[in-house]
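Coordinates in review
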Amino acid sequence: MTVNATLQAMPEWQALETHWASVKDERLRDLFAADPGRAERFAVEAAGLFLDYSKNRIVDETVRLLAALARARGVEARRDAMFAGEKINVSENRAVLHVALRAPRDWSIVVDGEDVIPEVHAVLDRMAAFSDQVRSGGWKGHTGKAIKNVVNIGIGGSHLGPEMAYRALRGFSDDALTFRFVANVDGAAFTEATADLDPHETLFIIASKTFTTLETMTNAAAARAWALAALGDDKAIARHFVALSTNAAAVAEFGIDTANMFGFWDWVGGRYSMDSAIGLSTMIAVGPDNFRSLLEGFHAMDEHFRTAPIERNLPMLMGLLAVWYNDFFGAETVGVMPYSANLARFPAYLQQLQMESNGKHVDLEGRQVGVQTGPVYWGEPGTDAQHSFYQLIHQGTKLIPVDMIGFCAPLSPLADQHDLLMANLFAQAEALAFGKTAEEVAAEGVDPKLVPFRVFEGNRPTSMILADRLTPHALGALVALYEHNAFTQGAIWGIDSFDQWGVELGKVLAKRITPELTATSEPQLAHDSSTNALIRRYRRARAAG
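Just so it is clear, the model here is predicted, and its values are computed rather than measured. (Residues numbered from 1 in each chain as written. Predicted model: local features only at pLDDT ≥ 70, side-chain atom pairs only at ≥ 80, totals over all residues. Heavy atoms only, no water.)

Let us now look at the sheet that holds strand β8 (residues 241-244). The parallel open sheet is built from five strands, whose spatial order is β6-β5-β7-β8-β9. Of all the strands in the sheet, the pair left with one neighbour each is β6 (178-182) and β9 (261-262). Where strand β5 (residues 149-153) lies against strand β7 (residues 202-207), five bridges are found, and the strand directions are parallel. For Val151, the partnering residue across the bridge sits in β7 and is Phe204. Most of the contacts of helix α8 (residues 187-194) go to β6, to which it runs at about 175 degrees, and overall it touches β5, β6 and β7. (Pairing = 2+ DSSP bridges. Helix = DSSP H or I, 4+ residues; strand = E, 2+ residues; numbered from the N terminus. Contact = heavy atoms within 4.5 Å. Axes fitted to C-alpha atoms, helices over the stretch in contact; angles between N-to-C directions.)

Below you can see the structure in the form of structure tokens.
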């Protein structure tokens, strides 16, 4: 591999390498024992979120050197360019302006000479009016029945964001409405989602900017056929389908009234779109007022990211810690463990946000980056996860930094159980940091032969994120925190965090293979020997079955 030495040759990077060598064997036990004020110093609060990063393998000098690297890499200048509407997505020559989606009405952000904020709020106002109609029962289906079921059909960001937000904010959702989310092109997903729904009372939201996305439009066609089988009239489509798209011609051809088409812009990436028209299902679920609160949470974190110095900037600190572990300790993953059942889909949402953003091997000049980028993000809610993979985090041989998320107020009336949940959250962070020595195990009277099995090395880093309650505002701030965390990482590596060419190649090949699977006569195959054999095996099984 041709190494681009630009990053590694920087004195700030080399200073961090030297510093890492001097602190890599430091123990969190010793750091806390020597520094009673450590917890207070390594903590930041903004936008309703509190970050305790004291249980990371860092000292004050680490933060100073990471901040110096960020300044040398122009993270602040790149951030400012994003907020100004400059086209920082270089491979697609696009602005990156998800921050405009939650900017107040009296703001101004200009792209190509046009202030985009009025357009953003015009769409939000139309979404609010439509949501109110559905929620009030004023929007009727083709046979005059009110809508009781909403099915969001999308893929990637147009699915993961709405599904995650609905599950997170279930306590704020209208119980009179049922919500389902379909993304997978496997027909079982659509069949299961609609099995118990009445077509006369069901509204489909088709989320595809181009209205050509293969998976989404395949499921949309299945939804259209399902609805027409019961409703029997093509005119019914206009009362049971709306579109989140910019392709008016394709939307109209499908049968959707373009008056019920909600658009967004090419400066909105799919994984950054849950607060755009893509959030229509969220707005219908929680209502326009709660959706505005969600946007206010996003904006509060945006403003913190835009104005706070690096050393006190939550997203920048978390992004820099990810670089610290990824490139200096060689950690390849980051665990995200929300201690909230309602955030069950949050790790999956972050997988796309982080890995589609920073899974890149070339820099903005098209050169090999030369360092490891894009850590793998993964996780599950606590306490479920404690009985599955926490064993590996505690006693395995891999270093896995973990972000832990908790809320002080319960969403359930079972307050005693919430105390137990939070006790587990705090206990796991403590156990990961400090472990249990052989001497401590032996002092408990454990058989000497069993002592090695009961030792916990500790020194496993965690970052603790706390909020008072899982509200729309808190969710918006939390998502924005990770958006700007990903931005910071990408800016350090000098990569384009806003394109996603990596998702295209497989889709192109799938279009080539599909007719080979369905051909009535044996097709001439020109793939590799493995792919040819798999296609033939599939065709034989289909013919026999």
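This next bit is on the domain arrangement of the protein. Taken as a whole, the protein is organised into domain 1 (27-86 + 308-493), domain 2 (108-291) and domain 3 (505-544). Every contact between the two is made by 22 residues of domain 1 and, on the other side, 21 residues of domain 2. Buried area between domain 1 and domain 2, both sides added, is near 1900 Å², and the carbon and sulfur share of it is 60%. Per-residue buried area on domain 1 facing domain 2 is highest for Arg345, Tyr349 and Pro472; these three make up 32% of the total on that side. Put simply, domain 1 and domain 2 have two salt bridges between them. Here Glu163 ties to Arg345 by a salt bridge, and the two come within 3.0 Å at their closest N and O atoms. For the interface between domain 1 and domain 2, the tally reads eight residue pairs in polar contact (both at pLDDT 80 or more). Only α15 (346-358) and α20 (472-493) provide two or more residues apiece to the side of domain 1 that touches domain 2. With seven residues, α15 is the largest single contributor of residues to the side of domain 1 that touches domain 2. (Domains from an automatic or database assignment. Buried area = accessible area lost by both parts, 1.4 Å probe. Salt bridge = Lys/Arg side-chain N within 4 Å of Asp/Glu carboxyl O. Polar contact = N/O pair within 3.5 Å; in protein donor to acceptor, adjacent residues only side chain to side chain.)

With that settled, consider empty space enclosed by the protein. Following the criterion strictly, the structure yields four cavities of 30 Å³ or more and no others. Here the largest cavity is characterised by a volume of approximately 110 Å³. In this structure, the largest cavity is lined by 14 residues; those nearest its centre are Leu321, Ala322, Val334, Pro401 and Asp403. Among the elements of the structure, α14 (314-329), β12 (402-407) and β13 (462-467) are those that each provide at least two residues to the lining of the largest cavity. For the lining of the largest cavity, the element with the most residues is α14, which contributes four residues. Classifying every residue of the lining of the largest cavity by side-chain character gives nine nonpolar, four polar and one charged. What the second largest cavity holds in volume is close to 60 Å³. In this structure, the second largest cavity is lined by Tyr53, Ile58, Val63, Leu66, Ala67, Ile310, Leu317, Leu320 and Leu321. Those elements that provide at least two residues to the lining of the second largest cavity are α4 (60-72) and α14. Looking at the lining of the second largest cavity residue by residue, the class counts come to nine nonpolar, no polar and no charged. (1 Å grid on protein atoms, 1.4 Å probe; cavity = no way out; pocket = protein on both sides within 12 Å on 5 of 7 lines; lining within 4 Å. Points joined across faces, edges and corners; volume = space filled by probe spheres on them. Nonpolar A, V, L, I, M, F, W, Y, C, P; charged D, E, K, R; others polar.)

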